[in-house]
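# Descriptive analysis of the structure
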Amino acid sequence: MGSLPAQRWKWLKDAAHALAEQGWYCGQQVIDAEIIDQINSWIDQRQGDFHQAGIGRGGRQQTNIEIRGDKILWLEGEESNSGPPFVSELVDHIRVTLNRELFAAVSEFEGHFAVYPPGGFYHRHIDTFRDDDARSMSLILYLNPSWSSADGGALRLYTTTSSRVDLEPLGGTIVLFRSRDFEHEVLLAHAERRSFTGWFK
Ligand code: OGA
Ligand code: MN
């Protein structure tokens, strides 16, 4: 860690504070556009390796485009050098912050890139599984160089039983939330919608 100026990670303090106070955080465009461009170039080269996302896990894993319409590519292990720039470093910084500031005791991480085609969405759900609640914190980094409200595709986060927030997936925006506590959905997107989504366990 530490190859980038500390300035670049200032938002982590706000994130830790918001997570402690309300259990979720949204930092709009906290990651440089240049980094987002580099990740997108990497995705462009790997398009052929993306596959239709499933729901559930293990033997019950099924593909159901009625529930989610994205294609995904899992991030390979830390030992692999084939990943995109920056993403492992981002995950490391967040992990350290969660453990130091929130005593989260997270060690493992799993994450994937997701590309929703126009017409894509992901119905309301929670990120833990019925038989496995190891996922502790959800992370999303948006990768869309431009986005307007007419493109739809907001992340709708149900923050309490009676309120919700709609977060636009503009590139460089980071969202974190406690995986067990927040139902959420991806509203119908009218433009291709890219993100990196992962879970600290
Ligand atoms: C997910 C998810 C939200 C988003 O992949 O579980 O809820 O905004 N993604 O991409
Ligand atoms: Mn989710």
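Above: the structure in question.
Report follows, based on the coordinates. Computed from a prediction, not measured in an experiment: that's the story for all the values here.

So, on to the overall build of the protein chain. In terms of regular secondary structure, the protein chain is built from three helices and 13 strands. For 201 residues, the compact-globule formula gives about 17 Å, and the C-alpha radius of gyration of the protein chain, at 16 Å, lands near that figure. Overall, the C-alpha framework of the protein chain stretches about 40 × 40 × 35 Å when taken along its three principal axes. In the protein chain, which comprises 201 residues, the proportion classed as buried is 50%. Taking all contacts inside the protein chain whose residues are at least 6 apart in sequence as the whole, residues at least 24 apart take part in 79%. Both charge centroids of the protein chain, one from 20 positive and one from 28 negative side chains, sit 3 Å from each other.

Attention shifts here to the coordination of the manganese ion (ligand 2). Within the protein, the atoms that donate to the manganese ion (ligand 2) are His 125 (NE2), Asp 127 (OD) and His 184 (NE2), at distances of 2.1 to 2.2 Å. Spacing between the donor residues of the manganese ion (ligand 2) along the chain follows H-x1-D-x56-H. Placement of the pair is His 125 in strand 7 (residues 122–125) and His 184 in strand 12 (residues 184–186), with a sequence separation of 59 residues. In this pair, the class of His 125 matches that of His 184, namely buried.

Glancing now at helix 2 (residues 33–46). Residue pairs three or four apart in sequence face the same way in an α-helix, which turns once every 3.6 residues. In this model helix 2 runs 20 Å from its N-terminal to its C-terminal C-alpha over 14 residues, within 8% of the 20 Å that 1.5 Å per residue would give. Regarding helix 2, the residues found buried are Ile 35, Ile 36, Ile 39, Asn 40, Trp 42, Ile 43 and Arg 46. Down the axis, helix 2 shows its buried residues gathered within 160 degrees of arc, on one side only. In helix 2, the exposed residues that point more than 90 degrees away from the buried face are Ala 33, Glu 34 and Gln 45. Along its buried surface, helix 2 packs onto strand 5 (71–74), helix 3 (87–102), strand 6 (109–116), strand 8 (137–142) and strand 13 (193–200).

Our next topic: the sheet that holds strand 9 (residues 155–158). Strands in a sheet are paired, the pairing made by backbone hydrogen bonds, and the direction either parallel or antiparallel. Spatial ordering of the open sheet is given by 7-12-9-10, a layout of four strands whose pairing is antiparallel. Strands at the two margins of the open sheet, each flanked by one partner only, are strand 7 and strand 10 (164–167). Across the sheet, the mean angle separating the axes of adjacent strands is 10 degrees when strand polarity is ignored. Note: strand 9 against strand 12, three bridges, orientation antiparallel. Bridge assignment links Leu 155 to a residue of strand 12, and that residue is Val 186.

Every residue lining ligand 1 is accounted for by Tyr 122, His 125, Asp 127, Ile 140, Tyr 142, Leu 155, His 184, Val 186, Arg 193, Ser 195, Thr 197 and Trp 199. A distance of 2.9 Å separates an oxygen atom of ligand 1 from a polar atom in the side chain of His 184. Here an oxygen atom of ligand 1 sits 2.7 Å away from a polar atom, N or O, in the side chain of Arg 193. In the complex, the protein chains occlude 98% of the 290 Å² of accessible area that ligand 1 would expose alone. Listed by contribution, the elements that provide at least two residues to the shell around ligand 1 are strand 7, strand 8, strand 12 and strand 13. Element by element, the count of residues in the shell around ligand 1 is highest for strand 13, at four residues. For the shell around ligand 1, a count of residues per class yields six nonpolar, four polar and two charged.

Reading the values: the criteria
- Residues numbered from 1 in each chain as written.
- Chains lettered and ligands numbered in written order.
- Predicted model: local features only at pLDDT ≥ 70, side-chain atom pairs only at ≥ 80, totals over all residues.
- Heavy atoms only, no water.
- Helix = DSSP H or I, 4+ residues; strand = E, 2+ residues; numbered from the N terminus.
- Rg over C-alpha atoms; globule rule 2.2 N^0.38 Å.
- Buried < 20%, exposed > 50% of the residue type's maximum accessible area, 1.4 Å probe, protein only.
- Contact = heavy atoms within 4.5 Å.
- Lys, Arg positive; Asp, Glu negative; His and termini not counted.
- Charge placed at Lys NZ, Arg CZ, Asp CG, Glu CD.
- Donors = N, O, S within 2.8 Å, 3.2 Å for Na, K, Ca; no water.
- Expected span 1.5 Å × (residues − 1).
- Arc of directions from axis to C-beta.
- Pairing = 2+ DSSP bridges.
- Axes fitted to C-alpha atoms, helices over the stretch in contact; angles between N-to-C directions.
- Near = heavy atom within 4 Å.
- Polar contact = N/O pair within 3.5 Å; in protein donor to acceptor, adjacent residues only side chain to side chain.
- Areas by Shrake-Rupley, 256 points an atom, 1.4 Å probe, with all protein chains shown as cover.
- Nonpolar A, V, L, I, M, F, W, Y, C, P; charged D, E, K, R; others polar.

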